[in-house]
Amino acid sequence: MSKPLETASPLNLKDLDREGLRTAFVARGLPAYRGDQVFRWVWRRGAVEVAAMTDLPAALREDLERSARLPRLEPHATRASPDGTTKLLVRLDDGRDVEAVLIPDGERRTLCVSTQVGCAMGCAFCRTATMGLLRDLRPWEICEQVLVAERILRARGERRVLQLRGRGAAGKVERRLTNLVFMGMGEPLHNLEGTVTACRVLTDPQGLAFPPRRITVSTVGLADRIEPFLARTGVNLAISLNAPDDAVRERLMPVNKKYDVDALLAVIARLPLRRRQRVTFEYVLLAGVNDHEADAERLARRLRGVSERVKINLIPFNPHEGADFERPAPQRVERFRARLLSGGVEKVHVRRPRGEQILAACGQLAAREGGVG
Ligand code: SF4
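Residues numbered from 1 in each chain as written. Predicted model: local features only at pLDDT ≥ 70, side-chain atom pairs only at ≥ 80, totals over all residues. Heavy atoms only, no water.

**A look at the overall build of the chain**
For clarity, the threshold we go by: The way it works is that DSSP assigns letters per residue, a run of H or I at least four long becomes a helix, a run of E at least two long becomes a strand, and they are numbered from the N terminus. A radius of gyration in this sense is built from C-alpha atoms; the matching globule rule multiplies 2.2 Å by the number of residues raised to 0.38. To sort residues, take the accessible area from a 1.4 Å probe on protein chains only and compare it with the maximum for the residue type: under 20% means buried, over 50% means exposed, and anything in between is partly exposed. Under the convention used here, a 1.4 Å probe and the Shrake-Rupley method define accessible areas, while residue burial counts only the protein chains that appear. Under the counting rule used here, the positive set is Lys and Arg, the negative set is Asp and Glu, and His together with the chain ends is not counted. To locate a charge, take NZ of a lysine, CZ of an arginine, CG of an aspartate or CD of a glutamate.
The secondary structure content of the chain amounts to 11 helices and 16 strands. The C-alpha radius of gyration of the chain comes to 22 Å, within 12% of the 21 Å expected for a compact globule of 373 residues. For the C-alpha atoms alone, the extent of the chain along its principal axes is close to 70 × 40 × 40 Å. Across the 373 residues in the chain, those meeting the buried criterion constitute 56%. As displayed, the chain has an accessible area near 16,300 Å², and 48% of this comes from carbon and sulfur atoms. For the chain, the centre of its 62 positive side-chain charges and the centre of its 47 negative side-chain charges are spaced 5 Å apart.

**Examining the domain arrangement of the chain**
Counted only if it meets this: Domain ranges listed in this record stem from an automatic or a database domain assignment. Note on definitions: a residue-residue contact is assigned when non-hydrogen atoms from the two residues lie within 4.5 Å. Here's the idea: put two parts together, see how much 1.4 Å probe accessible area each one loses, and the total over both is what we call buried area. Any Lys or Arg side-chain nitrogen located within 4 Å of an Asp or Glu carboxyl oxygen qualifies as a salt bridge. Pairs of N or O atoms within 3.5 Å make up the polar contacts considered here, provided that, within protein, one atom can donate a hydrogen while the other can accept it, and that residues adjacent in sequence are counted only when both atoms are side-chain atoms. By the convention adopted, Pro, Cys, Tyr, Trp, Phe, Met, Ile, Leu, Val and Ala count as nonpolar, Lys, Arg, Asp and Glu as charged, and the other residues, Gly among them, as polar.
Domain boundaries in the chain define domain 1 (11-69) and domain 2 (74-369). With centres defined by C-alpha atoms, the gap from domain 1 to domain 2 works out at 32 Å. Counting residues at the interface gives 13 residues for domain 1 and 22 residues for domain 2. For the domain 1 face of the interface with domain 2, the top three residues by lost area are Asp-15, Trp-43 and Arg-44, together amounting to 48%. Joining domain 1 to domain 2, the criterion identifies four salt bridges. When the shortest N-O distance is used, the salt bridge between Glu-144 and Lys-14 registers 2.8 Å. Summed over the shared surface of domain 1 and domain 2, the number is seven residue pairs in polar contact (both at pLDDT 80 or more). If you list the elements that add at least two residues to the side of domain 1 that touches domain 2, you get helix H1 (18-27) and helix H2 (32-44). Broken down by element, the side of domain 1 that touches domain 2 gets its largest block of residues, five residues, from H2. In terms of residue class, the side of domain 1 that touches domain 2 is made up of three nonpolar, one polar and nine charged.

**Remarks on the confidence of the model for the chain**
How we decide: One confidence number per residue, pLDDT, is output by the predictor and ranges from 0 to 100.
Across the chain, pLDDT averages 91, with 92% of residues at or above 70. Averaged pLDDT values for the elements of the chain fall to 46 in helix H11 (residues 364-369) and rise to 98 in helix H5 (residues 192-203). Counting interchain partners and residues more than four positions distant, the pLDDT-below-50 stretch residues 4-8 has 12 contacts. The low-confidence segment residues 363-373, where pLDDT is below 50, has 42 contacts with residues more than four positions distant or belonging to other chains.

**Concerning the pattern of salt bridges**
Per the counting criterion, the structure on display carries 30 salt bridges. Ionic pairing is found between Arg-91 and Asp-97, a salt bridge with its closest N-O pair at 2.6 Å. When its relative accessible area of 1% is taken as the criterion, Asp-97 is described as buried. Residue Arg-135 pairs with Asp-94 through a salt bridge whose shortest N-O separation is 2.7 Å. Placement of Arg-135 in strand E8 (residues 133-136) and of Asp-94 in the loop between strand E4 (86-91) and strand E5 (97-105) is noted, with a sequence separation of 41 residues between them. Each of Arg-18, Arg-22, Asp-36 and Asp-204 takes part in one network of salt bridges that share partners.

**Notes on the packing of helix H9 (residues 293-302) against helix H10 (residues 330-342)**
As a reminder, the rule being used: A fitted line through C-alpha atoms serves as each axis, taken over the contacting stretch for helices, and the angle formed by two N-to-C directions is quoted from 0 to 180°. An angle below 35 degrees is treated as roughly parallel, one above 145 as roughly antiparallel, one from 65 to 115 as roughly perpendicular, and anything else as oblique. By definition, turning the near helix anticlockwise from the far helix through less than a right angle yields a left-handed crossing, and turning it clockwise yields a right-handed one.
Running from N to C, H9 and H10 point in directions that differ by 30°, and their axes come no closer than 8 Å. What the angle tells us is that H9 and H10 run roughly parallel. In this structure, H9 crosses over H10, and the sense of that crossing is right-handed. Counted together, Glu-293, Asp-295, Ala-296, Glu-297, Leu-299 and Ala-300 of H9 and Arg-335, Phe-336, Arg-339 and Leu-340 of H10 form the full contact between these two elements. For the contact of H9 with H10, the per-class residue count stands at five nonpolar, no polar and five charged.

Below you can see the structure in the form of structure tokens.
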């Protein structure tokens with residue numbers, strides 16, 4: 001019989017990507033393909049216990065039951081908004097909570113996930129920033145937010161079975177979510193390894209098989225981590241820009257002292273993008289701070305060298321208790337958008353406010369519930 005999977009702490013079968021599971025099994029004297037089998041059981045077939053993995057030898061199943069774990073997280077609270085947006089507060093094993101937001105839109109089901117408890121980046125307009133960074137999420141805690149949302153959709157009677165094709169990936173997968181955005185609590189590239197592993201699990205054709213183009217990871221712009229991150233995951237990138245120049249950006253986002261606008265533009269100019277792929281610049285519009293027409297003109301000028309590589313997502317600020325900023329009037333938002341377009345920016349989108357009644361901007365519910373300490 002193979003060497004048991006005893007480790008100092010039990011092996012968490014949800015915390016490794018497929019390659020990691022293969023390596024863990026080989027290290028225990030088992031063939032690597034056992035790692036593939038377990039990975040498929042966990043992610044493709046939704047096994048909640050090792051006993052269900054019926055094509056593993058009985059001795060290996062017994063061994064895994066003793067020495068490995070398949071943890072699961074549950075929502076601690078959910079809040080649904082009349083527009084269908086649902087905020088999930090997911091309780092972690094240490095009693096802390098993180099947020100995920102489910103956003104239905106026509107056929108599309110998008111989930112916004114968190115990567116850290118709190119955040120160290122200190123953006124001036126963000127509720128999560130007031131918590132500071134409490135800890136990184138483990139890869140399985142990021143992926144589990146997806147499974148929690150899937151279970152909620154299933155309980156609502158939503159059914160979607162995808163037939164996957166391709167060598168090694170063929171088969172059926174139940175997946176109701178269509179898109180994932182990493183825009184919840186935390187800075188994904190600050191938790192680089194956790195986010196990379198989670199993306200690899202979520203996009204693995206033998207797992208939940210999200211196409212990488214259906215996942216967008218949003219960063220404040222940790223410029224030196226962007227290229228290695230994309231090379232390892234192939235997902236889409238969004239960068240929080242929020243200002244037309246360094247002076248305004250530095251006031252809103254302390255990270256700009258280290259990675260300024262030029263550093264970000266230089267990275268974007270050399271990224272190997274797929275055909276028609278663009279990097280999204282997110283721009284939270286704050287009344288009287290960064291929403292002047294002159295700001296839009298300066299921004300358009302600044303983006304001239306990369307205009308076919310980017311699109312801009314304008315996000316009118318979602319005010320929260322104690323915030324120092326206000327949302328601009330719709331006419332101001334429209335004028336800002338028009339100035340960008342006339343300045344040569346090809347793609348500008350204004351995000352519709354969603355889930356305002358349930359505090360859907362990142363960090364707002366967890367902060368109010370006090371579940372992050
Ligand atoms: S906006 Fe994002 S990166 Fe900035 S403080 Fe909030 S959670 Fe962190």
